[in-house]
Protein chains: 2
Amino acid sequence: MRLALDAMGGDDAPRAMVQGALDYARAHPAHTVILVGIDGDLRRCLAQESPAGIPANITIEHAAEVIGMAEKIKALKERPNDSMNVSARLVKDGKADAMVLCGNTGCSVAAAQLHLRRIPGVKRAGIASPLPTITGQHTWVCDMGANAECRPEHLVQFAEMTSAFLEAVYQRPTPRVGVLSIGEEEEKGVPLTQETLALLRQTSLNLVGNVEGHDLFKGTVDVVVCDGFTGNIALKTAEGVFDAITTILKEEIGNGGPLVKVGALLTKPAFRGLKRRAHWAEVGGCPLIGVDGVTIIGHGRSDRRAVFNALGQAARCVDGKVMDRLRAFFKQAA
Amino acid sequence: MRLALDAMGGDDAPRAMVQGALDYARAHPAHTVILVGIDGDLRRCLAQESPAGIPANITIEHAAEVIGMAEKIKALKERPNDSMNVSARLVKDGKADAMVLCGNTGCSVAAAQLHLRRIPGVKRAGIASPLPTITGQHTWVCDMGANAECRPEHLVQFAEMTSAFLEAVYQRPTPRVGVLSIGEEEEKGVPLTQETLALLRQTSLNLVGNVEGHDLFKGTVDVVVCDGFTGNIALKTAEGVFDAITTILKEEIGNGGPLVKVGALLTKPAFRGLKRRAHWAEVGGCPLIGVDGVTIIGHGRSDRRAVFNALGQAARCVDGKVMDRLRAFFKQAA
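All values reported here derive from a predicted model rather than from experimental measurement.

**Student:** I'd like to hear about the overall build of chain A, residue by residue, with values.
**Tutor:** Counting its regular elements, chain A contains 12 helices and 11 strands. Its C-alpha radius of gyration of 20 Å places chain A within 12% of the 20 Å reference for a compact globule of 334 residues. Over its C-alpha atoms, taken along the principal directions, chain A stretches across nearly 60 × 60 × 35 Å. Within chain A, the fraction of its 334 residues that count as buried is 59%. Put simply, of all contacts in chain A between residues at least 6 apart along the chain, 72% involve residues at least 24 apart. Carbon and sulfur atoms provide 52% of the accessible area of chain A, an area that totals close to 13,000 Å². Of the charged side chains in chain A, 38 are positive and 37 negative, and the gap between their average positions amounts to 4 Å.

And the structure:
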């Protein structure tokens, strides 16, 4: 399996990308990671991070240009040889089986759609983001920010595609589907959620109805659909609360007496468990579902661990033949 | 000062209401808490919770009917003598200086608007909800769910009203105002947020621009405006993450060895500090801003501590003469 990684995207690129790629390549000798970016920069970074030599299953694909985190989508057209365009072309040309992009989300989504197109029948591609829950099984929210505004039929397709993805890649049969709203009752919400709920009733999906913000972390629903504006705010709010709680607890421990400090040291395994179960870097990247080629959108703040996990997510999608599954679904629906 | 408390609203009513009222009345002998609800039920509950006798500054206002947590707004018209209608009439008739409602949010908001009306010039009343931040100073988000759908001019008024509220009640000069969106750049977001940003630039408010979900807990902005759908999802997501982290940590400690358990005991003061600084029950209820009379919307899950704090919030609004401030603002604007 060959996984293309945009090595120039993300707040800590290329370092975090190279580190994550090295970890992944060593853990999966049968897979190849193609680092996409400026050749000289990547060689220097690889030499620094792996002085003993570069694993044989890491290759470099030169991309002369770079698109920054805050640039607009037109940059993609202006710089056809940037690392996002080159990564997407590798997948399109069959030179890579999947790609992982941790840079500028807007441009990453646009690059994927520009080169790979959508699966015939798909109206909008959506980012499906796994949220940790107390049961250990993730709840997948789609869309997490690819489409700020959506129509009900888009949300219905997000539900269909994310359900098919979970069945194919995680062997979760008949995933439970919810609509993110502001009350469980059917009439609660806004026209978008009300109409989506009515349309979903006509599908064969396993619909649970409206769900609320606090239901996202209970493990009582597998797929939650919403527009990308709402999804992005929910995701970033969740990350913000996690970070704030961590910061406040550290301060409280720092301001505590010696016994509190000893206690915190002893409790470390529990905190490591929390981080393993709930930190965003562990979730492994978000599939951009609906695009005709496996595309994983990583976090802009990705560190080596997050990159490692995003590459793993890409490999799981390839192994699960999620593209075949989705193409067949929309072919049948047509 | 006389504070009316809907004693029949909330998941644990009337018990939590009576407990919170008793705590508050004992802590503030110069204030009177008027418990509004079914006389017999309240007397029995008071006798149970305070066997030594009822403080002189607690009174009962009989309301023969009750509106349940899941009922629709029409229930207000069908049951004119329910505890929400009676509470609102007490404020309208000058028999109470403020009211606290922890029941069904939709009916609470409707009861306030029905009897108290909006301040002349106000297009929509909004729920301003204080979110804990790492700096200790709350960020106030408006609207938190009174209006699922909003127009830009509503969000501008939420910004004006919440800023005036913070100046009057918390002596925070020129509060920093942000628009909840999905990127800091001006063009990010949806038409509602883009148009709101443009309108806010024409005001004299201290605008910081777009803010994202994770900015809500950093203490870098004082007032954040959004429609009630988005605000409600952000709030409930935040509560959900707090609850999930608590649950996971407890599980990890429970599954840990004896040293982890000892560590957790020693670390308790830090966890108490976290709860004091960040738990929703500590925030003290949310003013329904724009209604012509002090109205505090409490959490449906309110316990005695949350009720105590919501009554405190009501008293601070009365002390800060927030109604005079808002009436003067809109009179001048007209």
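**Student:** Lay out the sheet that holds strand β2 (residues 32–37) of chain A in plain terms, naming residues and giving numbers.
**Tutor:** Residue and element names in this part refer to chain A. Reading across from one edge, β3-β2-β1-β4-β11-β10-β5-β6-β9-β7-β8 is the order of the 11 strands in this open sheet, with mixed pairing throughout. Only two strands of the sheet have a single partner each, and these edge strands are β3 (58–62) and β8 (206–211). Going across the sheet, the axis of each strand differs from the next one's by a mean of 25°, ignoring polarity. Alignment of strand β7 (residues 176–180) against strand β9 (residues 223–225), held across 3 bridges, turns out to be parallel. Residue G178 lies in a different strand from β9, and its bridge partner there is V224. Along the sheet face, helix α2 (residues 39–49) touches β2 and β3 and points at about 155° away from the line of β3.

**Student:** With reference to specific residues and values, describe the interface of chain A and chain B.
**Tutor:** At the junction of the two partners, chain A supplies 54 residues and chain B supplies 54 residues. Its largest share of buried area at the contact with chain B, chain A owes to I182, F229 and I248 of chain A, together 13% of the area lost on that side. Run the count over chain A and chain B and you get 9 salt bridges. The salt bridge partner of E212 of chain A is K236 of chain B, with a shortest N-O separation of 2.3 Å. Connecting chain A to chain B are 13 residue pairs in polar contact (both at pLDDT 80 or more). Looking at the side of chain A that touches chain B, the elements with two or more residues in it are α7 (191–201), α8 (228–254), α9 (258–266) and α10 (268–278) of chain A. Looking at the side of chain A that touches chain B element by element, the count peaks at 19 residues for α8 of chain A. Grouping the amino acids of the side of chain A that touches chain B by side-chain chemistry returns 30 nonpolar, 14 polar and 10 charged.

**Student:** Could you give an account of the packing of aromatic side chains, naming the residues involved and the relevant values?
**Tutor:** Using the criterion set out here, one finds 11 aromatic pairs over all chains in the structure. Seen from their ring centres, W140 of chain A and Y170 of chain A are 5.5 Å apart, and the 50° between their planes marks the pair as tilted. Taken together, the positions of W140 of chain A in strand β6 (residues 139–142) and Y170 of chain A in helix α6 (residues 152–170) put the pair 30 residues apart, joining distant regions of the chain. Residue class for Y170 of chain A comes out partly exposed when judged on its relative accessible area of 27%. Between F271 of chain A and F271 of chain B, the ring centres sit 6.1 Å apart and the planes meet at 10°, which makes this aromatic pair stacked. Separated into two different chains, F271 of chain A in helix α10 and F271 of chain B in helix α10 (residues 268–278) make up a pair that spans both. For F271 of chain A, a relative accessible area of 23% corresponds to the partly exposed category.

**Student:** Break down the relation of the copies chain A and chain B for me, with residues and values.
**Tutor:** Each copy of the sequence occupies a distinct position, and chain A is placed on chain B by a rotation of 180° and an axial shift of 0.0 Å, giving an RMSD of 0.0 Å. Such a turn and shift between the copies fits a two-fold axis. The position closest to the rotation axis in chain A is occupied by the C-alpha of G263 of chain A, lying 1.9 Å away.

**Student:** Provide a residue-level description of unusual backbone geometry, including the pertinent values.
**Tutor:** Residue and element names in this part refer to chain A. A cis amide bond, omega -5°, links A13 with the succeeding residue P14. Here P14 shows up in the loop between β1 (2–6) and α1 (15–27). Phi is positive for R117, close to 60°, though the residue is something other than glycine. Mapped onto the secondary structure, R117 falls in the loop between α5 (105–116) and β5 (126–131). For R117, a relative accessible area of 55% translates into the label exposed. Within the chain, T174 stands out as a residue other than glycine whose phi angle is a positive 35°. Among the secondary structure elements, T174 is positioned in the loop between α6 and β7. According to the relative accessible area criterion, T174 is exposed, its value standing at 54%.

**Student:** Quick rundown of the environment of L76 of chain A? Include the residues and the values.
**Tutor:** Residues and elements named next belong to chain A. Looking at the secondary structure, you find L76 in helix α3 (residues 74–78). C-alpha of L76 to C-alpha of Q113: the two residues are 37 residues apart in sequence and 12 Å apart in space. Residues contacting L76, with those up to four places away along its chain left out, are I67, D82, M84, N85, C107, A110 and A111.

**Student:** Can you lay out the pairing of strand β10 (residues 286–289) of chain A for me, pointing to particular residues and giving the numbers?
**Tutor:** Residues and elements named next belong to chain A. Every second residue of β10 is oriented toward a common face, with C286 and L288 on one face and P287 and I289 on the other, all of them buried. The pairing of β5 with β10 spans 2 bridges and is classified as antiparallel. What sits directly across from G126, in β10, is I289. In the sheet, β10 pairs with strand β11 (residues 294–297) via 2 bridges, with the strands oriented antiparallel. Opposite C286, over in β11, you have I297 as the bridge partner.

**Student:** For helix α4 (residues 83–92) of chain A, give the residues involved together with the corresponding values.
**Tutor:** Residue and element names in this part refer to chain A. Among the 10 residues of α4, 8 are classified as buried, and the element is accordingly described as predominantly covered. By the burial criterion, the buried members of α4 are S83, M84, N85, V86, S87, A88, L90 and V91. Contacts made by the buried residues of α4 are with β1, β2, β3, α3, β4 (98–101) and α5. One side-chain oxygen of the residue at the start of α4 lies 2.8 Å from the amide nitrogen of M84, identifying that residue as D82. One or two steps after α4, the chain reaches G94, where phi turns positive at roughly 75°.

**Student:** For the packing of helix α6 (residues 152–170) of chain B against helix α12 (residues 322–333) of chain B, give the residues involved together with the corresponding values.
**Tutor:** Residues and elements named next belong to chain B. The geometry of α6 relative to α12 is characterised by a closest axis approach of 9 Å and an angle of 140° between their N-to-C directions. Comparing the axis directions of α6 and α12 gives the class oblique. Relative to α12, the crossing made by α6 is right-handed. Contact residues: Q157, E160, M161, A164, F165, E167, A168 and V169 in α6; V322, R325, L326, F329 and F330 in α12.

**Student:** Please set out the sheet that holds strand β5 (residues 126–131) of chain B residue by residue, giving values where relevant.
**Tutor:** All names here are of chain B. Read across the sheet, 11 strands follow the order β3-β2-β1-β4-β11-β10-β5-β6-β9-β7-β8 without closing on themselves; strand pairing throughout is mixed. Sheet topology places β3 (58–62) and β8 (206–211) at the edges, where each strand pairs with a single neighbour. Adjacent strand axes in the sheet meet at a mean angle of 25° when their direction is disregarded. Against the sheet, helix α7 (residues 191–201) contacts β7 (176–180), β8 and β9 (223–225), and its axis sits at roughly 160° relative to β7.

So, how was this worked out
- Residues numbered from 1 in each chain as written.
- Chains lettered and ligands numbered in written order.
- Predicted model: local features only at pLDDT ≥ 70, side-chain atom pairs only at ≥ 80, totals over all residues.
- Heavy atoms only, no water.
- Helix = DSSP H or I, 4+ residues; strand = E, 2+ residues; numbered from the N terminus.
- Rg over C-alpha atoms; globule rule 2.2 N^0.38 Å.
- Buried < 20%, exposed > 50% of the residue type's maximum accessible area, 1.4 Å probe, protein only.
- Contact = heavy atoms within 4.5 Å.
- Areas by Shrake-Rupley, 256 points an atom, 1.4 Å probe, with all protein chains shown as cover.
- Lys, Arg positive; Asp, Glu negative; His and termini not counted.
- Charge placed at Lys NZ, Arg CZ, Asp CG, Glu CD.
- Pairing = 2+ DSSP bridges.
- Axes fitted to C-alpha atoms, helices over the stretch in contact; angles between N-to-C directions.
- Buried area = accessible area lost by both parts, 1.4 Å probe.
- Salt bridge = Lys/Arg side-chain N within 4 Å of Asp/Glu carboxyl O.
- Polar contact = N/O pair within 3.5 Å; in protein donor to acceptor, adjacent residues only side chain to side chain.
- Nonpolar A, V, L, I, M, F, W, Y, C, P; charged D, E, K, R; others polar.
- Phe/Tyr/Trp six-rings, centres within 6.5 Å; stacked < 30°, edge-to-face > 60°.
- Least-squares fit on C-alpha atoms with pLDDT ≥ 70 in both.
- Parallel < 35°, antiparallel > 145°, perpendicular 65-115°, else oblique.
- Left-handed = near helix turned anticlockwise from the far one by under 90°.

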